[in-house]
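Chain by chain, the residues:
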There are 2 protein chains.
Amino acid sequence: MKFAPSALQTADDSADTGTRQIRDALRDAIVERRLSPGTKLSESDVGNLFNVSRTLVRAALQALSYEGLVSVEKNRGAFVAYPSPEEARQIFAARRLVEPGILREAATRITPSQIWQLRHLLLEEGRLMGERGQTARRAEIKASGDFHLTLAAISGNVIMQRFMDELVARSSLVIALYGQSTISSCGHSEHGNIVAAIERNDLDEACRLMLDHIAHIEADLDLRERRGFNLKEALEL
Amino acid sequence: MKFAPSALQTADDSADTGTRQIRDALRDAIVERRLSPGTKLSESDVGNLFNVSRTLVRAALQALSYEGLVSVEKNRGAFVAYPSPEEARQIFAARRLVEPGILREAATRITPSQIWQLRHLLLEEGRLMGERGQTARRAEIKASGDFHLTLAAISGNVIMQRFMDELVARSSLVIALYGQSTISSCGHSEHGNIVAAIERNDLDEACRLMLDHIAHIEADLDLRERRGFNLKEALEL
DNA sequence: AGGCAACGTTTCGTATACAATCCTTCAGCA
DNA sequence: TGCTGAAGGATTGTATACGAAACGTTGCCT
């Protein structure tokens, strides 16, 4: 009798490197908004693009569907997810529900080097905010999400970390769809305030700031029902 | 009549019925402990069992791996997950983090018919507790999980619902592995107390009860590192 | 001219085939 | 006897092939 030694290693299986590569590439493209919601992801096309067979592409798409970034419809194919306003609300409701808890846990476990890491992230974020251009904007989006992800990583809970991965990615999709302010993305200063509160060890204030922060992001959305609920129509206009 | 909170509605896309069937069958078998942690799930064997090709089995195993119920190792195959003590701790930490929030949300949205549904679940749970035998025990574990899942369903947040699906399933695995008390499973009365608190509209008390409840489950575990995989030592005794 | 139906094309769903990797076993040697 | 190493078998990784469903188009009928 032998035991599976897998249990102790990282939660992310990352079984086949081929699939993982495609999955990560597609996810990055979606999160950074290079792929618009509703875009069809044909298995053959993606396969040709990566010079692999449909098998691996299919696995990657299935994985992304599990993360809520693509939606696969039986006998119709896979599309970049097109979250409904209701879905968007639920995503942010979930974030309001979990992020304060993650923040509390992270704050109690944080080390000086990790605080430095957070500050470094903020610096990078601020630098990108100053720049112009699509690339800088994308990098800014990513950095802004990385702040929340790093907090989850610091909390030390792999499960919550994975969950936040999903929530942040889907948030990006929602912002891409419904965000109205051109400045968009998280208010940079709010991140800084949260770090400051953590350093002061003022957890209640940090949580309050986090909730405000999430509320601000959501407040920037225009979540009215667009008749484009049928994504096919929206695309073919 | 039977409630199947895990299989309720549209939240899970799960396009292909073939894969879905295998996935659900395997998941039930794992959660109900008919498949022991560490058991190898050979693609060919499972495929023959279901009379389908490896392709579908592979997809199902991959899906289960995303839920944390199966761990796939490159070039080695898939095994029923064998959660480490650390993983177990993180699972319950995550539940402590999210369940109070879910409970609060559910309590504000709950309808009389849903309260009836919860009470029905409690009755069933109590009935199973009285019975003897492995089957009753398994059904009891399942029913006890269904309580938490139903609460998540009532909260109306599909995302949190899916997350709780995963957490409850993995908890079952952990309890199966590390639970020591023969009575095991959730204290039944605690579920009843929570429902009562909800009916009184005493949310703070309900949350407190929920946290206690989770703590009690975790307290029943023996999470000491058992190094089973150094089998040489075990044999040389 | 417009709508409907049948056909062809494209894409997905599933099975099967081949290649790569790992585990087991058995032979050879110190 | 105990260890090393290579061959064989078994299992997974990936690609390809074939059947089925859906979409677009064309042509006919009203």
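Up top is the structure.
Counting from 1, residues in each chain are numbered in the order their sequence is written. Lettering for chains starts from A, numbering for ligands starts from 1, and both go in the order in which the items are written. The predicted nature of this model means local features are confined to residues of pLDDT at least 70 and side-chain atom pairs, given and counted, to a pLDDT of 80 or more, with totals for whole chains, interfaces and linings taken over all residues. Calculated side-chain values reflect all of the structure's heavy atoms, with hydrogen atoms and water omitted.

Asker: Is there a simple way to explain the interface of chain B and chain A in this structure?
Answerer: Interface size is commonly expressed as the accessible surface area that is lost when the partners come together. Throughout, a residue-residue contact means that at least one pair of heavy atoms, one from each residue, lies within 4.5 Å. Counting residues at the interface gives 41 residues for chain B and 40 residues for chain A. Salt bridge, as used here, is a side-chain nitrogen of Lys or Arg placed within 4 Å of a carboxyl oxygen of Asp or Glu. Residues Arg162(A) and Glu166(B) are paired through a salt bridge, measuring 2.9 Å at the closest nitrogen-oxygen approach. The definition of a polar contact used here is a pair of N or O atoms within 3.5 Å, where within protein one atom must be able to donate a hydrogen and the other to accept one, and adjacent residues in sequence count solely through side-chain atom pairs. Between chain B and chain A we count twelve residue pairs in polar contact (both at pLDDT 80 or more) in total. Those elements that provide at least two residues to the side of chain B that touches chain A are helix H3 (54-67), strand E2 (70-73), helix H4 (85-109) and helix H7 (158-178) of chain B. Helix and strand definitions here come from DSSP, where helices need a minimum of 4 consecutive H or I residues and strands a minimum of 2 consecutive E residues; each element is numbered from the N-terminal end. Take the side of chain B that touches chain A: its biggest share by element is nine residues, from H4(B). When residues are sorted by character, Ala, Val, Leu, Ile, Met, Phe, Trp, Tyr, Cys and Pro go into the nonpolar class, Asp, Glu, Lys and Arg into the charged class, and all the rest, Gly among them, into the polar class. A class-by-class count of the residues in the side of chain B that touches chain A yields 21 nonpolar, nine polar and eleven charged.

Asker: Looking at this structure, I do not really get the protein's contact with DNA strand D. What am I missing?
Answerer: Residues are counted as near a molecule or strand when any one of their heavy atoms sits within 4 Å of it. Around DNA strand D there are 18 residues in total, and Ser53(A), Thr55(A), Arg76(A), Arg54(B) and Arg58(B) lie nearest to it. Here DNA strand D approaches the protein such that, of its atoms within 4 Å, sugar and phosphate make up 67%. Between a phosphate oxygen of DNA strand D and a side-chain N or O atom of Ser53(A), the distance comes to 2.9 Å. Asn75(B) is positioned such that a nitrogen or oxygen atom in its backbone is 3.2 Å from a phosphate oxygen of DNA strand D. Here the surface near DNA strand D takes three residues from helix H3 (residues 54-67) of chain A, the largest share from any one element. Considered class by class, the residues forming the surface near DNA strand D number two nonpolar, six polar and ten charged.

Asker: I tried to follow the packing of aromatic side chains on my own but got confused; where do I start?
Answerer: Any two aromatic rings considered together are summarised by their centre-to-centre distance and by the angle between their planes. Centres within 6.5 Å are what make two rings of Phe, Tyr or Trp a pair, Trp counting through its six-membered ring; a difference in plane orientation under 30 degrees is then read as stacked, over 60 as edge-to-face, and the rest as tilted. Applying the stated criterion across every chain yields a total of two aromatic pairs over all chains. Aromatic pair Tyr66(A) and Tyr66(B): ring centres 5.7 Å apart, planes at 35°, arrangement tilted. With Tyr66(A) in helix H3 and Tyr66(B) in helix H3, the pair connects residues from two separate chains. Overall, the relative accessible area of 13% leaves Tyr66(B) in the buried class. Relative to Phe163(B), the ring of Phe163(A) lies with its centre 3.7 Å away and its plane at 10°, an arrangement referred to as stacked. A simple rule labels every residue: compare its accessible area, found with a 1.4 Å probe on the protein chains alone, to the largest value its type can have, and call it buried under 20%, exposed over 50%, or partly exposed in between.

Asker: Any chance you could explain the protein's contact with DNA strand C here in plain terms?
Answerer: Lining the immediate surroundings of DNA strand C are 17 residues, of which Arg54(A), Arg58(A), Ser53(B), Thr55(B) and Arg76(B) lie closest. Within 4 Å of the protein, the contacting atoms of DNA strand C are 66% sugar and phosphate, with bases supplying the remainder. Elements represented by at least two residues in the surface near DNA strand C include exactly H3 of chain A together with H3 of chain B. When grouped by side-chain class, the residues that make up the surface near DNA strand C number two nonpolar, six polar and nine charged.

Asker: Is there a simple way to think about the packing of helix H5 (residues 112-130) of chain A against helix H6 (residues 134-155) of chain A in this case?
Answerer: Each packed pair of helices is defined by two parameters, the angle between the axes and the distance between the axes. Residues and elements named next belong to chain A. Angles shown run from 0 to 180 degrees and are taken between the N-to-C directions of axes, each axis being a line fitted to C-alpha atoms and, for helices, limited to the stretch in contact. The N-to-C vectors of H5 and H6 enclose an angle of 165°; their axes lie 9 Å apart at closest approach. As far as their axial angle goes, H6 and H5 are roughly antiparallel. In this structure, H5 crosses over H6, and the sense of that crossing is left-handed. On the side of H5, the interface is formed by Gln114, Gln117, Leu118, Leu121, Leu122, Glu125, Leu128 and Met129, while H6 contributes Ala136, Ala139, Glu140, Ala143, Ser144, Asp146, Phe147, Thr150, Leu151 and Ile154. In terms of residue class, the contact of H5 with H6 is built from eleven nonpolar, four polar and three charged. An angle below 35 degrees is treated as roughly parallel, one above 145 as roughly antiparallel, one from 65 to 115 as roughly perpendicular, and anything else as oblique. The sense of a crossing depends on the near helix, which, turned anticlockwise from the far helix by less than a right angle, makes the crossing left-handed and, turned clockwise, makes it right-handed.

Asker: Honestly, the pairing of strand E3 (residues 77-80) of chain B in this entry has me stumped. Any pointers?
Answerer: Side chains on a regular strand alternate between the two faces of the sheet. Residue and element names in this part refer to chain B. Two strands qualify as a pair provided that DSSP identifies no fewer than 2 bridges between them. Both strand E1 (residues 40-41) and E3 contribute to a ladder of two bridges, which runs antiparallel. Directly across from leucine 41, in E3, lies its bridge partner alanine 78. Bridge analysis of E2 against E3 gives four bridges, and the strand direction is antiparallel. Note that in E3 the partner of glutamate 73 across the bridge is glycine 77. The loop that links E2 with its antiparallel partner E3 comprises three residues; one of these, asparagine 75, has a positive phi angle of about 60°.

Asker: Where do I start with unusual backbone geometry in this structure?
Answerer: The phi torsion of most residues other than glycine is negative, and most of the peptide bonds are trans. Positioned with a positive phi, Asn75(A) is a non-glycine residue whose angle comes to about 60°. Mapped onto the secondary structure, Asn75(A) falls in the loop between strand E2 (70-73) and strand E3 (77-80).

Asker: For this particular structure, what's the right way to read the pattern of salt bridges?
Answerer: Oppositely charged side chains can form a pair if their charged atoms are brought close together. Throughout the structure, instances matching the rule amount to 50 salt bridges over all chains. For the salt bridge of Arg27(B) with Glu67(B), the shortest nitrogen-to-oxygen distance reads 2.5 Å. Of the two residues, Arg27(B) sits in helix H1 (residues 17-31) while Glu67(B) sits in helix H3, which places them 40 residues apart along the sequence. Across this residue pair, the class does not change: Arg27(B) and Glu67(B) are buried. One connected set of salt bridges, linked through shared partners, spans Arg20(A), Arg23(A), Asp24(A), Arg27(A) and Glu67(A).

Asker: What am I meant to see in the relation of the copies chain B and chain A here?
Answerer: What connects the two chain copies is a rotation about an axis and a shift along it. In superposing the copies, a least-squares fit is computed on C-alpha atoms, taking residues whose pLDDT is at least 70 in both. Mapping chain B onto chain A is achieved by rotating through 179° and translating by 0.0 Å along the same axis, at an RMSD of 0.2 Å. When the rotation and shift are considered jointly, the pair of chain copies conforms to a two-fold rotation axis. For chain B, the residue whose C-alpha comes nearest the rotation axis is Val98(B), separated from it by 3.1 Å. Same-surface contact between copies: 73% of interface residues of chain B are shared with the interface of chain A.

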